[in-house]
Amino acid sequence: IPSGQVRYIHEIGRPYTDETGKFLGAYGAVQDITLLREAEELLRTTNEELEKRVAERTTELSIANETLQERETFLRLLLEHIPLYLYWKDKNSVYLGCNTNYAKAHYKETPEEIIGKTDYDLVPNKQRTEIYHGLDQQVVQTNQPILHELQKIDSPTAAVKWIDSSKIPMHNAQGDIIGILGYFEDVTEQMTALQALVQREEVLRTVIHNAPVILFSVDKNEMFTFVDGAVLEGIHRTSAELLGTSI
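Residues numbered from 1 in each chain as written. Predicted model: local features only at pLDDT ≥ 70, side-chain atom pairs only at ≥ 80, totals over all residues. Heavy atoms only, no water.

S.K.: Please explain the sheet that holds strand S6 (residues 162–171) as it appears in this structure.
M.R.: A sheet is described by the order of its strands in space; here five strands give the open sequence S4-S3-S7-S6-S5, paired in antiparallel fashion. The sheet is open, and its two edges are formed by strand S4 (95–98) and strand S5 (146–152), each paired on a single side. Taking the axes of each pair of neighbouring strands and ignoring which way they run, one obtains an average angle of 20° across the sheet. Pairing analysis gives five bridges linking S5 to S6, with the strands arranged antiparallel. Pairing of lysine 152 across the sheet is with tryptophan 162, part of S6. (Pairing = 2+ DSSP bridges. Helix = DSSP H or I, 4+ residues; strand = E, 2+ residues; numbered from the N terminus. Axes fitted to C-alpha atoms, helices over the stretch in contact; angles between N-to-C directions.)

S.K.: Sorry, what's going on with the pattern of salt bridges here?
M.R.: If charged atoms from side chains of opposite charge come close, those side chains can pair. Overall, the coordinates contain eight salt bridges when judged by the stated rule. When the shortest N-O distance is used, the salt bridge between lysine 89 and aspartate 136 registers 2.7 Å. Note that lysine 89 is positioned in strand S3 (residues 85–90) and aspartate 136 in helix H4 (residues 126–142), a separation of 47 residues in sequence. This pair shows no difference in class: lysine 89 is buried, exactly as aspartate 136 is. For lysine 167, the salt bridge identified is with aspartate 136, shortest N-O distance 2.8 Å. Taken together, the positions of lysine 167 in strand S6 and aspartate 136 in helix H4 put the pair 31 residues apart, joining distant regions of the chain. There is no split in this pair, since lysine 167 and aspartate 136 are both buried. Ionic contacts of the salt-bridge type, sharing partners, join the residues Lys89, Asp119, Asp136 and Lys167 into one network. (Salt bridge = Lys/Arg side-chain N within 4 Å of Asp/Glu carboxyl O. Buried < 20%, exposed > 50% of the residue type's maximum accessible area, 1.4 Å probe, protein only.)

S.K.: What should I look at first to understand helix H5 (residues 188–210) in this one?
M.R.: An α-helical turn contains 3.6 residues, so a residue and the one three or four places further along point in the same direction. If you check H5, its first and last C-alpha atoms are 33 Å apart, about what 23 residues at 1.5 Å a residue would give, namely 33 Å. Turning to H5, the residues buried within the fold contact S5, S6, strand S7 (177–186), strand S8 (215–218) and strand S9 (224–228). (Expected span 1.5 Å × (residues − 1). Contact = heavy atoms within 4.5 Å.)

S.K.: What's the story with the environment of tyrosine 132 in this structure? I'm lost.
M.R.: Tracing the chain through its elements places tyrosine 132 in helix H4. Sequence spacing of tyrosine 132 and serine 93 is 39 residues, and the spatial spacing of their C-alpha atoms is 9.2 Å.

S.K.: I would appreciate a short explanation of unusual backbone geometry in the present structure.
M.R.: For residues that are not glycine, phi is negative in most cases, and the peptide bond is trans in most cases. For tyrosine 107, which is not glycine, the phi torsion reads 60° and is therefore positive. Relative to the elements of secondary structure, tyrosine 107 occurs in the loop between helix H2 (100–105) and helix H3 (119–122). Under the relative-accessibility criterion, tyrosine 107 is labelled exposed at 62%. A positive phi is found at histidine 148, a non-glycine position, where the angle reads about 55°. Structurally, histidine 148 can be placed in strand S5. Residue classification places histidine 148 among the exposed residues on the basis of a relative accessible area of 56%.

S.K.: I would appreciate a short explanation of the packing of aromatic side chains in the present structure.
M.R.: Each aromatic ring pair is described using two quantities: the centre-to-centre distance and the angle formed by the ring planes. This model, assessed by the stated rule, comprises five aromatic pairs. Here the aromatic rings of tyrosine 87 and tyrosine 95 are separated by 5.9 Å at their centres, their planes lie at 70°, and the arrangement is edge-to-face. For tyrosine 87, a relative accessible area of 4% corresponds to the buried category. Measuring from ring centre to ring centre gives 5.7 Å for tyrosine 95 and tyrosine 102, while their planes differ by 45°; the resulting arrangement is tilted. Aromatic ring contacts, followed pair by pair, group Tyr85, Tyr87, Tyr95, Tyr102 and Phe184 into a single cluster. (Phe/Tyr/Trp six-rings, centres within 6.5 Å; stacked < 30°, edge-to-face > 60°.)

S.K.: What's the story with the environment of isoleucine 9 in this structure? I'm lost.
M.R.: Inspection of the secondary structure assignment puts isoleucine 9 in strand S1 (residues 9–17). Along the backbone, isoleucine 9 and leucine 35 are 26 residues apart, and their C-alpha atoms lie at a distance of 10 Å. The contact partners of isoleucine 9, leaving out residues within four places of it in the chain, are Val30, Gln31, Asp32 and Ile33.

Below, the structure is given as structure tokens:
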């Protein structure tokens, strides 16, 4: 149009004739469809922009998913190869997962056999089960961890006799407690060695106490830091009386 504005029109026309078919003229109609064309163009560009954003988002999600899978693989690898027995439960002490070490400690081949169960399903000793459940609920209710609790496993068939056990509260993004992360370490070898050392020390202490001599040690100031032996009875003195005194 003269103003320079672009307008779109839709025009239709039809001929009309007399009864013999002789062409007499034509009739038609013209419609301004500028708004319709502008709406179609806006819809087209909007769809193109939307498709572009969807493609970009799809790529981002694909990359994020690959990263998440890589992290999950790494964490699973870590869980399966650290020398600990790991598990996690919900607030009701229902198992949500564990590593293979923990599953095998309960005579299961895979973690999947543990999921959905409780200690009541896995531990034959019901008294021990009540203790485990009570500790779980203590962590949930107080929101405080229980760390390095030494426990003895009273089972003639268990390969693990002593464990160092810890339970830690798990939280969601809002900080609400949602369950428990637990783990324990087999310290049977260390405890067996410690018990043997204690026994040897007791034997040695008995031997020294009954030896027909006085055995002693002094510091640089010649003060007794250790003194014992059967001869002390003959001079009517005790180790406690002499410790800290000078020669």
